[in-house]
Amino acid sequence: MLRFEADKVVTEGGEFAADLILFMPGLTGPAWLEHSALPRSPGGMVAADAQCRVAGFERVYVVGDSGSFPGPDWMPKQAHMADLQAEAAAHNLLAELAGGRGERGFKVELVCIIDAIDQGTLVYRTEQQQIVLPPNRLMHWAKRSFERRYLRHYQ
Ligand SMILES: Cc1cc2nc3c(=O)[nH]c(=O)nc-3n(C[C@H](O)[C@H](O)[C@H](O)COP(=O)(O)OP(=O)(O)OC[C@H]3O[C@@H](n4cnc5c(N)ncnc54)[C@H](O)[C@@H]3O)c2cc1C
C-alpha cells in the first residue's frame, strides 16, 4: 500500500476507488523493547522458542501478544493463545526453578466467536482442520456464557 486519497487507495500494484476507507495498521511490539536487550523478531515482538523461553536470558519467558513464537504464519494473537502459552511458560519456569528443564510447548489453535450482539460466527483452526460456522444466534449466547464461566475463575 502506498497512500490513501479522498476517494481511492493507491497500492504498488495499482489503485482502486473507495467510498469509505477503514484502515487497521499492523501490530508491532511495545516501544520500550527497542531500548532493552531482549531479542526481537522482525515484527518487533519478543522472540521466543516453542517453550516460550526468551533466547539468551535465564528463566525469562514471554507469553501473549508481545511474543513471537515458531509456528504457522496464521498463529493468532488471541487471549486463548496467551492462556495456552501461559500454562506452558508457568510449567517450564517451575521446572527450571526446581533444577530441571521444562519442555512443555503449547497447542496452536485459533478459536473465536465473532459476536455481533444478535448473532455470532464461530471460527476454528488448528494445523489439522479449519471450520467457519455461518452466523447464528446460538453462538452469541455461547460467547456470553463462555465469558461468564471464564471470568468466574478470576472473580
Ligand atoms: C477488539 C478486540 C477483540 C478481541 N477479541 C478476542 C476474542 O474474542 N477472543 C480472544 O481470544 N482474543 C481476543 N482479542 C485478543 C486478546 O485481547 C489479546 O490477544 C490478549 O488480550 C493478549 O493478552 P496479553 O496478556 O498478551 O496482552 P494484554 O491483554 O494487552 O495485556 C498487556 C497488559 O500490559 C499492560 N502494559 C503495557 N505496557 C506496560 C508497561 N510498560 N508497564 C506496565 N504494564 C504495561 C497493558 O496495559 C495491559 O494491561 C481481542 C482483541 C481486541 C483488540
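(A) Local environment of the packing of aromatic side chains. A full pass over the atoms with the stated rule returns 4 aromatic pairs. An angle of 45° between the planes, with centres 5.5 Å apart, marks the rings of Tyr 150 and Tyr 154 as tilted. The exposed category is assigned to Tyr 154, whose relative accessible area is 59%. Ring-pair connections join several aromatic residues into one group, and the members of that group are Phe 146, Tyr 150 and Tyr 154.

(B) Highlighting the side chain of Gln 51. Considering the arrangement of structural elements, one finds Gln 51 in the loop between strand S4 (46-47) and strand S5 (67-68). The class of Gln 51 is buried, set by a relative accessible area of 15%. At a separation of 3.3 Å, a polar atom in the side chain of Gln 51 contacts the side chain of Arg 53. The residues contacting Gln 51, other than those within four sequence positions of it, are Tyr 61, Asn 92, Gly 102, Glu 103 and Arg 104.

(C) Highlighting the domain arrangement of the protein chain. As far as domains go, the protein chain holds domain 1 (49-106) and domain 2 (110-152). Here the C-alpha centroids of domain 1 and domain 2 sit 25 Å apart. Here domain 1 meets domain 2 over a buried area of about 610 Å², counting both sides, of which 59% is carbon and sulfur. Interface area lost by domain 1 to domain 2 is led by Trp 74, Gln 78 and Asp 83, which between them contribute 71%.

(D) Looking closely at the environment of Ala 82. Turning to its location among the elements, Ala 82 is positioned in helix H1 (residues 79-97). For Ala 82, a relative accessible area of 21% translates into the label partly exposed. Note: C-alpha distance between Ala 82 and Gly 67 (15 residues apart in sequence) is 9.3 Å. If we ignore the near neighbours within four places in the chain, the residues touching Ala 82 are Val 63 and Gly 64.

(E) Inspection of H1 at higher detail. With 19 residues, H1 should cover 27 Å at 1.5 Å per step; its first-to-last C-alpha distance of 26 Å lies within 8% of that length. Those residues of H1 that sit buried are Met 81, Gln 85, Ala 88, Ala 89, Asn 92, Ala 95 and Glu 96. Angularly, the buried residues of H1 cover 125° about the axis, an arc narrow enough to put them on a single face. Exposed residues lying more than 90 degrees from the buried face of H1 are Ala 79, Glu 87, Leu 94 and Leu 97. Phi for Gly 99, located one or two positions after H1, is positive at around 95°.

(F) Geometry of the site of the ligand. Taken together, Trp 32, Gly 64, Asp 65, Lys 77, Gln 78, Ala 79, His 80, Cys 112 and Lys 143 are the residues near the ligand. Between the ligand and Ala 79, the relevant distance is 3.0 Å, taken from an oxygen atom to a main-chain nitrogen or oxygen of the residue. Between the ligand and His 80 there is a distance of 3.1 Å, counted from an oxygen atom to a backbone nitrogen or oxygen. Relative to its unbound accessible surface of 990 Å², the ligand loses 29% to contact with the protein.

Conventions used here
- Residues numbered from 1 in each chain as written.
- Predicted model: local features only at pLDDT ≥ 70, side-chain atom pairs only at ≥ 80, totals over all residues.
- Heavy atoms only, no water.
- Phe/Tyr/Trp six-rings, centres within 6.5 Å; stacked < 30°, edge-to-face > 60°.
- Buried < 20%, exposed > 50% of the residue type's maximum accessible area, 1.4 Å probe, protein only.
- Helix = DSSP H or I, 4+ residues; strand = E, 2+ residues; numbered from the N terminus.
- Polar contact = N/O pair within 3.5 Å; in protein donor to acceptor, adjacent residues only side chain to side chain.
- Contact = heavy atoms within 4.5 Å.
- Domains from an automatic or database assignment.
- Buried area = accessible area lost by both parts, 1.4 Å probe.
- Expected span 1.5 Å × (residues − 1).
- Arc of directions from axis to C-beta.
- Near = heavy atom within 4 Å.
- Areas by Shrake-Rupley, 256 points an atom, 1.4 Å probe, with all protein chains shown as cover.

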